[in-house]
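Here are the chains, one letter per residue:
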Amino acid sequence: MRQFGTRPVLLGLGFALTLFWAAPATAYDYPIADPFLATVVGTPAPLKAPVPTDVPFKRRSIRVLEREAPDALWYDQELRYSYAAQRGPAPLIFTIAGTGAAHDGSKNWLAARAFYSKGFHVVALGSPVSANFVVAASSSGVPGGAFDDARDLYRAMQKIRDELQGKLEITDYYLAGYSLGAFNAAHVSYLDAEQKVFDFRRVLMMNPPVRLYSSISLLDRMLENIPGGADNFDAFYERIVDAVGQAYRLSDSVRFDEELLYKAFEVLRPTDELLASLIGLVFRIASANMAFTSDVMTDFGFIKPSNVRLTRNTDLGVYNEVAMRLGFTDYFHAYFYPYRASLEPGLSRSELIERMSLVTIDDYLRGAEDVYLIHNADDVILAAGEIEILEDMFGERATIFPRGGHMGNMESYDYIGRMLSIMDPGAAP
Amino acid sequence: MRAIGRYTGSLALVLLAGLNAGCSTAPIIEGDEPEPPVFSAERVLQPGVTHVGDVYDPWQGFNRRVYRFNAFVDRNFLLPVTKGYQAVTPAPVERSIHNFFTNFLNLNTILNSALQFSPRKVVQTTGRVAVNTTLGVFGLFDPATRMGIPQHQEDFGQTLGRWGVGPGPYLVLPLLGPSSLRDGIGAGVDWYVNNRLREEIFAPETWHEVVWTTLFILDTRANVAFRYYETGTPFEYRMVRMLITTKRRLDIER
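Residues numbered from 1 in each chain as written. Chains lettered and ligands numbered in written order. Predicted model: local features only at pLDDT ≥ 70, side-chain atom pairs only at ≥ 80, totals over all residues.

Considering the domain arrangement of chain A
Residues and elements named next belong to chain A. In terms of domains, chain A is made up of domain 1 (39-211 + 358-422) and domain 2 (217-350). The distance between the C-alpha centroids of domain 1 and domain 2 comes to 23 Å. Tallying the contact residues gives 21 residues for domain 1 and 22 residues for domain 2. Only helix H2 (35-41) and helix H4 (131-136) provide two or more residues apiece to the side of domain 1 that touches domain 2. (Domains from an automatic or database assignment. Contact = placed C-beta atoms within 7 Å. Helix = DSSP H or I, 4+ residues; strand = E, 2+ residues; numbered from the N terminus.)

Some details on the interface of chain A and chain B
Counting residues at the interface gives 46 residues for chain A and 41 residues for chain B. Where the side of chain A that touches chain B is concerned, the elements lending two or more residues are H4, helix H8 (233-250), helix H10 (272-298), strand S7 (308-309) and helix H11 (317-324) of chain A. A per-element tally of the side of chain A that touches chain B places H8(A) first, with 7 residues. Class assignment of the residues belonging to the side of chain A that touches chain B gives a composition of 19 nonpolar, 15 polar and 12 charged. (Nonpolar A, V, L, I, M, F, W, Y, C, P; charged D, E, K, R; others polar.)

A word on the nonpolar core
Core analysis: the largest hydrophobic core is formed by 122 residues, its most contacted members being Ile93(A), Ala186(A), Met205(A) and Ala291(A). Sorting elements by how many residues they give to this core places H10(A) first, with 13 residues. Judged by nonpolar contacts, the second largest core, of 8 residues, contains Val66(B), Tyr67(B), Val172(B) and Tyr237(B). (Core = buried A, V, L, I, M, F, W, Y, C linked by C-beta atoms within 7 Å. Buried ≥ 20, exposed ≤ 12 C-beta atoms within 10 Å, placed from the backbone.)

Quick word on helix H16 (residues 413-422) of chain A
Residue and element names in this part refer to chain A. Inspection of H16 places Tyr415, Ile416, Met419 and Ile422 among the buried residues, and these make up the whole buried set. Down the axis of H16, the sector holding all buried residues measures 130°, keeping them to one side. Those residues of H16 that are exposed and aimed more than 90 degrees away from the buried face are Gly417 and Ser421. The inward-facing, buried residues of H16 contact helix H3 (106-117), strand S6 (202-206) and strand S8 (371-376). (Arc of directions from axis to C-beta.)

Focus: the pairing of strand S3 (residues 177-180) of chain B
Looking along a regular strand, one sees side chains alternate from face to face of the sheet. Residues and elements named next belong to chain B. In terms of strand pairing, strand S2 (residues 170-173) meets S3 through 4 bridges, oriented antiparallel. What sits directly across from Leu171, in S3, is Ser179. The hairpin formed by S2 and S3 contains 3 residues between the paired strands, and Leu175 there has a positive phi angle of roughly 65°. (Pairing = 2+ DSSP bridges.)

Topic: unusual backbone geometry
The phi torsion at Asp199(A) lies on the positive side, around 55°, for a residue other than glycine. Note on placement: Asp199(A) falls in the loop between helix H6 (180-195) and S6. Even without a glycine there, the phi angle at Ala203(B) is positive, about 40°. Examined against the element boundaries, Ala203(B) turns out to sit in the loop between helix H8 (181-202) and helix H9 (206-222).

Description of the pairing of strand S2 (residues 79-84) of chain A
All names here are of chain A. Of all 6 residues that make up S2, 5 are buried, and the element is covered over most of its length. Bridge analysis of strand S1 (residues 58-62) against S2 gives 5 bridges, and the strand direction is antiparallel. Counterpart to Ile62 in the pairing with S2 is Leu79. Across 4 bridges, the pairing between S2 and strand S4 (residues 121-125) is antiparallel. Of the residues in S4, the one forming a bridge with Tyr83 is Val123.

What follows is the structure in structure tokens.
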């Protein structure tokens, strides 16, 4: 009897296991299984969470440092940010944008709008590696150091808080960030645990990198997917433009906007290589802007000759082309590391790389009960094994979705729903 | 009035040539030679290759100045006034004003679609105007979009492009923004045509024209999301130049 009995038992067990595994999968609706496609295309319209679009953002700029901006970057003297105020007392949340993005970038404002709908005053901040931040708020002018960027952010946040305090009734402080902004948020939170200026009630990290260096290496490599290498960049760009153009011609009422991107994908039917190079391109533009801006700030001589002064009228074409051919890793090795080493003799490359990592503040993050994480198991900015590091580090405070690539699912019901259940001004202790 | 217009045109071109001569786009070198940077153009770029960002821009010195002037006017005048306009105008009124201008400008689109020998665009746009002028009460509402009639936008610059005229040098027009010599001339023709159409249809008095122009400027600005120096790139001038040039090329091919 026993021998006959094992089979149904195993089958039953298998069935039960299938149910067990299938349950979370069916509960999570995000459909795009290819992480590169997810990253580029985002969330299909029917699955988008209804986040209000009529949030009364006000745009402001604030002087953070005494330093004068160089002539060619005169317009970035002040740090730009935006805020939206609730009527009456409410907690305030800062949101930090991802790699090189502005305070009002679509993802940062999406997060801000969602939090606003939940009853927060919101302040949206640009990325510390964005050109505006580098000029207006980075004390060294050389961004990328995890702790330095956090200190710069912390200073800017206090200045903004002082500016807004007369206008808003603030009951508590919260902090959130996505992508590199989440990495920054972790370090700001680490700083705040010591200094307690804000004493954040809760911190939410959305899709952070674990080791900055491994993520930037992955991103730099994505552009190597351009057929024929970086020197064929122009041909690659033309191909993208042609595809967009074809989509534009084929459609009657399509405007020159995001919708067009989706149509272009229908025309192109892109391979993963092409998608990867598109993602790489977006980050390459961010790295070009950052590296050149920083170089102008310090006259280091990375791209611009150190003894050349740019006027407001200077043609920057050649610098633009050079900057577009250099990656984050070039910035790290030929500029960031030598610059750091000149301040700290004896600093090795591997030490510096080690320092730019969440693992460095592992002790803090393990014990920080108010710091939460949302991530995707297939995020393209993570190296193999890194999602496990995060799961282990955050334990119960981690929500890991099985699909979504890098921020592709951010607009979905599931993602927004989780964001708002973590950051709930009513529920947090 | 019209003669003045013609003279202003030639005067502008002369001025442009003169102004450009005085605007160097070169940097200042401290010392005899630039210190070679870690990544010099010689090291990184292949010689003799043209780049996508390279648009024919012989008047760059002038263009950059006008770009900054436009930014200044936009930031200190146009944008604040537009914000005020949006704040005091109820959203449905704002939408109706926008619909009205779109409907009126469609007359110029019909004309240019005809000049481009595109019966499809002529028919569709005529349909739009007919529906929106009648059912849509003089264009204040836009039932045509709900009926699925596509909205085209054709101007004389595009018509010239269709006829095989290249864009010529890149040109940043005072107040109007990035363009090209061809499209700048096209904009002049469009302006003239639209004025004539307005006269023929509405026979406006001077104060009508003032209200019209004011609202038109406000509505146009309210519907453009662009903000000078907030694109996040130190290469903004070049990026805008590339995008506008590409977009116009696609508009013409369309």
